[in-house]
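Structural features, examined
Below, each chain spelled out in residue letters.
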Amino acid sequence: MTLIELASLFEARKASVIEAAGLDKDALHIYFGLALFLLVRLIWRWRGGWFVAWLAVLAMACGGEWLDMTVEASDAAIQPDAAHWHDIWNTMFWPTILLLVGRWLHPPRGDALDPVASGEDAERGLEQP
C-alpha cells in the first residue's frame, strides 16, 4: 500500500466517522485528542505518564495532518497552512491543559497507603488508653 493509498483510506474513514457521529470536524479533533490522552494516561500510570499521553496526542495530531496534506497534494487541493495549524491546535488544547494541571489531579502517594487513615486502624486513634 502506497502512502497516497494510505492517506486516501484515512480520509475515507475520517469522513465516515464524521458522517456517523454527526459532529463537526473540529469537534472530532477535540474528542479524539481527549480520548487518546485519557487512554494513554490510564495505561501509563507511572512517572511521566502525563507527558507521554501528551506526546501521543501530538504524534496523532501531526500524523493526521500529514496524511491530510498528502491527500490534498494528490488531489491538487492544498489548503492553507493556517487550516492545518488550526486542527492541531484544536486537538492539542485540552490535553495541554490536562498536562499542565495533571499533577494536582491525583492525591499524594503517601495518603493512599497510610494505614492509620483507613481500614481497621482508623478507629484506634479515637480509643481511650
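Further up the page is the structure itself.
Please read all numbers here as calculations on a predicted model, not as lab measurements.

**Section: the overall build of the protein chain**
Helix and strand content of the protein chain: five helices and zero strands. When the helices and strands of the protein chain are placed in sequence order, the string is α-α-α-α-α. A total of 129 residues make up the protein chain; the buried ones form 22% of that total. Once local pairs closer than 6 in sequence are excluded, the contacts in the protein chain between residues at least 24 apart make up 64%. Surface summary for the protein chain: the accessible area is close to 9400 Å², and the carbon and sulfur share equals 67%.

**Concerning the packing of helix α3 (residues 49-75) against helix α4 (residues 81-101)**
Axis separation between α3 and α4 bottoms out at 10 Å; the angle between their running directions is 170°. Here α4 runs roughly antiparallel to α3, going by the angle between their axes. Residue-level inspection shows Trp50, Phe51, Trp54, Val57, Leu58, Met60, Ala61, Cys62, Glu65, Asp68, Met69 and Glu72 of α3 in contact with α4, the latter providing His84, Asp87, Ile88, Thr91, Met92, Pro95, Thr96, Leu98 and Leu99. Split by residue class, the contact of α3 with α4 holds 14 nonpolar, three polar and four charged.

**Some remarks on the side chain of Glu65**
Mapped onto the secondary structure, Glu65 falls in helix α3. Using a relative accessible area of 2% as the deciding quantity, one classes Glu65 as buried. Discounting residues that sit within four places of it in the chain, Glu65 has contacts with His29, His84, Asp87 and Ile88.

**Points about the packing of aromatic side chains**
Within the structure shown, the criterion is met by five aromatic pairs. On the numbers, 5.8 Å between centres and 85° between planes, the contact of Trp44 with Trp46 is edge-to-face. Overall, Trp44 belongs to the partly exposed group, its relative accessible area being 35%. The interplanar angle of 80° and the centroid separation of 4.9 Å between the aromatic rings of Phe93 and Trp94 together place this pair among those described as edge-to-face. When its relative accessible area of 31% is taken as the criterion, Phe93 is described as partly exposed. When its relative accessible area of 42% is taken as the criterion, Trp94 is described as partly exposed.

Rules used in this analysis
- Think of each chain on its own: its residues are numbered from 1, step by step along the sequence as written.
- The predicted nature of this model means local features are confined to residues of pLDDT at least 70 and side-chain atom pairs, given and counted, to a pLDDT of 80 or more, with totals for whole chains, interfaces and linings taken over all residues.
- Only hydrogens and water are set aside when side-chain values are computed; all heavy atoms of the structure are taken into account.
- We count a stretch as a helix when DSSP gives it H or I for four or more residues in a row; a strand needs E for two or more, and each element gets its number in order from the N terminus.
- For the exposure calls, accessible area comes from a 1.4 Å probe over protein chains only, and a residue counts as buried if that area is under 20% of its type's maximum, exposed if over 50%, partly exposed in between.
- Note on contacts: a residue pair is in contact if any heavy atoms of the two residues lie within 4.5 Å.
- Accessible surface area values rest on a Shrake-Rupley calculation with a 1.4 Å probe, where residue burial reflects the displayed protein chains alone.
- Only the contacting stretch of a helix is used when fitting its axis, a line to C-alpha atoms as for every element, and angles between N-to-C directions run 0 to 180 degrees.
- For classification purposes, an angle smaller than 35 degrees is called roughly parallel, one larger than 145 roughly antiparallel, one from 65 to 115 roughly perpendicular, and anything else oblique.
- Residue polarity follows a fixed list, in which Ala, Val, Leu, Ile, Met, Phe, Trp, Tyr, Cys and Pro are nonpolar, Asp, Glu, Lys and Arg are charged, and the others, Gly among them, are polar.
- Each aromatic pair joins two rings of Phe, Tyr and Trp (for Trp, the six-membered one) with centres within 6.5 Å, and gets the label stacked for planes under 30 degrees apart, edge-to-face for over 60, and tilted for any other angle.

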